[in-house]
Amino acid sequence: QVQLVESGGGLVQAGGSLRLSCLASGRTFSRYVMGWFRQAPGKEREFVAGISWSGGSTMYADSVKGRFTISRNNAKNTVYLQMNSLKPDDTAVYYCAVTMSDYDVNLRHPDYWGQGTQVTVSS
């Protein structure tokens, strides 16, 4: 199995930035796709961004395009989410996820989840 641990969440003012990190451990030898989801209270969990093993393919939700950037460092088994121009609507628990595939960049069927990290954007 794979364990995922997120970090970097916190409280930020609207217009500010945060960078989330997700460290993977365990069975990390496959060329897996990694990505991020988020869930606000009373809402369904939604896809935010995904990235292929090579980093050559990325996918973003329309709501974050132009503001968020996903990247990864395979040597460190880590994926990042740089969040700029944050809005109050971005407030949610952000979850790291892994799909054991080298092509499913939209993470339709995640195999593993992190514990989540809270992001709160004040207005």
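Look a little higher up for the structure.
Conventions adopted
- Residues numbered from 1 in each chain as written.
- Predicted model: local features only at pLDDT ≥ 70, side-chain atom pairs only at ≥ 80, totals over all residues.
- Heavy atoms only, no water.
- Disulfide = S-S within 2.5 Å.
- Helix = DSSP H or I, 4+ residues; strand = E, 2+ residues; numbered from the N terminus.
- Buried < 20%, exposed > 50% of the residue type's maximum accessible area, 1.4 Å probe, protein only.
- Pairing = 2+ DSSP bridges.
- Axes fitted to C-alpha atoms, helices over the stretch in contact; angles between N-to-C directions.
- Salt bridge = Lys/Arg side-chain N within 4 Å of Asp/Glu carboxyl O.

J.: Got a sec to walk through the state of the cysteines? Specific residues and values, please.
T.: This model, assessed by the stated rule, comprises one disulfide. One disulfide in the model links Cys 22 with Cys 96; its S-S distance is 2.1 Å. Judged by the torsion about the S-S bond (-85°), the Cys 22/Cys 96 disulfide is left-handed. Of the two residues, Cys 22 is situated in strand 3 (residues 18-26) and Cys 96 in strand 9 (residues 92-99); the sequence distance between them amounts to 74 residues. Given a relative accessible area of 0%, Cys 22 falls into the buried group. For Cys 96, a relative accessible area of 0% translates into the label buried.

J.: Provide a residue-level description of the sheet that holds strand 3, including the pertinent values.
T.: With antiparallel pairing, four strands are arranged side by side in an open sheet as 1-3-8-7. Either end of the sheet is taken by a strand with one partner, and the two such strands are strand 1 (2-7) and strand 7 (68-73). With direction set aside, neighbouring strand axes in the sheet form an average angle of 15°. Direction of pairing for strand 7 relative to strand 8 (residues 78-83): antiparallel, over a ladder of six bridges. Paired with Ser 71 across the two strands is Tyr 80, which belongs to strand 8.

J.: Before we move on, can you summarise the pattern of salt bridges with the specific residues and values?
T.: The full count for this structure, using the stated rule, is four salt bridges. The salt bridge involving Asp 90 is made with Arg 38; its shortest N-O contact spans 2.9 Å. Placement of the pair is Asp 90 in the loop between strand 8 and strand 9 and Arg 38 in strand 4 (residues 33-39), with a sequence separation of 52 residues. Assessed through its relative accessible area of 2%, Asp 90 is described here as buried. With a closest N to O distance of 2.8 Å, Asp 90 and Arg 67 form a salt bridge. Here the residue Asp 90 occupies a position in the loop between strand 8 and strand 9, and Arg 67 occupies one in the loop between strand 6 (58-60) and strand 7, the gap between them amounting to 23 residues. A residue is classified by how much of its surface remains accessible, and Arg 67, at 11% relative accessible area, is buried. What emerges from the salt-bridge pattern is a single network uniting Arg 38, Glu 46, Arg 67 and Asp 90.

So, to be careful, I would describe these as geometric facts and stop short of saying anything about function.
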